[in-house]
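Descriptive analysis of the structure
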Amino acid sequence: MEFFKAVPLGSILTYVVALVIGSQGRSGGYLNIFRADIYQYDLWWSWPLFFAGTGLAWGLMIMQR
């Protein structure tokens, strides 16, 4: 159950960090931040950052049990 609560938190963390780094024209090195065009909107995203953020949130929620 904690995993399903951690996924939105990992998404929010990824979006915020990728927006800050990606909007400055950087790729973030290992974070591999890229711009995805969804219809008329630009979305900055990073899969490695998403997995790390979700894992971090999941671990914190498990520790709080």
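What you are looking at is a predicted structure, and each value in this text was computed from that prediction instead of being measured. (Residues numbered from 1 in each chain as written. Predicted model: local features only at pLDDT ≥ 70, side-chain atom pairs only at ≥ 80, totals over all residues. Heavy atoms only, no water.)

Per the secondary structure count, the protein chain includes two helices and two strands. For the protein chain, the sequential pattern of α-helices and β-strands runs α-β-β-α. If one aligns the C-alpha atoms of the protein chain with their principal axes, the spans along those axes are about 40 × 25 × 15 Å. Here the protein chain, with 65 residues, has 25% of them falling under the buried criterion. For the protein chain, the share of sequence-separated contacts (at least 6 apart) that also reach a separation of at least 24 residues comes to 56%. In the form shown here, the protein chain has an accessible surface area of approximately 5,000 Å², with 67% of it arising from carbon and sulfur atoms. (Helix = DSSP H or I, 4+ residues; strand = E, 2+ residues; numbered from the N terminus. Buried < 20%, exposed > 50% of the residue type's maximum accessible area, 1.4 Å probe, protein only. Contact = heavy atoms within 4.5 Å. Areas by Shrake-Rupley, 256 points an atom, 1.4 Å probe, with all protein chains shown as cover.)

Quick look at the pattern of salt bridges now. Throughout the structure, instances matching the rule amount to two salt bridges. Residue Glu2 is joined to Arg65 by a salt bridge in which the shortest nitrogen-to-oxygen separation is 3.4 Å. In this pair, Glu2 sits in helix α1 (residues 2-22) while Arg65 sits in the segment after α2 (47-63), placing the two residues 63 residues apart along the sequence. What makes Arg65 exposed here is its relative accessible area of 71%. (Salt bridge = Lys/Arg side-chain N within 4 Å of Asp/Glu carboxyl O.)

The next thing to look at is a nonpolar patch on the surface. There is a patch of nonpolar side chains on the surface, built from Leu9, Ile12, Tyr15, Val16, Leu19 and Val20 and spanning about 510 Å² of accessible area. Tracing the sequence through the fold places Leu9 in helix α1. Judged by its relative accessible area of 43%, Leu9 is partly exposed. (Patch = residues over 30% accessible without salt bridge, like charges linked within 9 Å, V, L, I, M, F, W, Y side chains within 5 Å.)

Enumeration over the complete set of coordinates arrives at seven aromatic pairs. Where Trp45 meets Phe50, the ring centres are 5.6 Å apart and the plane angle is 40°; that geometry is what we call tilted. Taking relative accessible area as the criterion, Phe50 reaches 12% and is therefore assigned buried. Connected via pairs of aromatic rings, a cluster forms that spans Trp45, Trp47, Phe50 and Phe51. (Phe/Tyr/Trp six-rings, centres within 6.5 Å; stacked < 30°, edge-to-face > 60°.)

Fair warning: the whole summary comes from geometry, so function is off the table for now.
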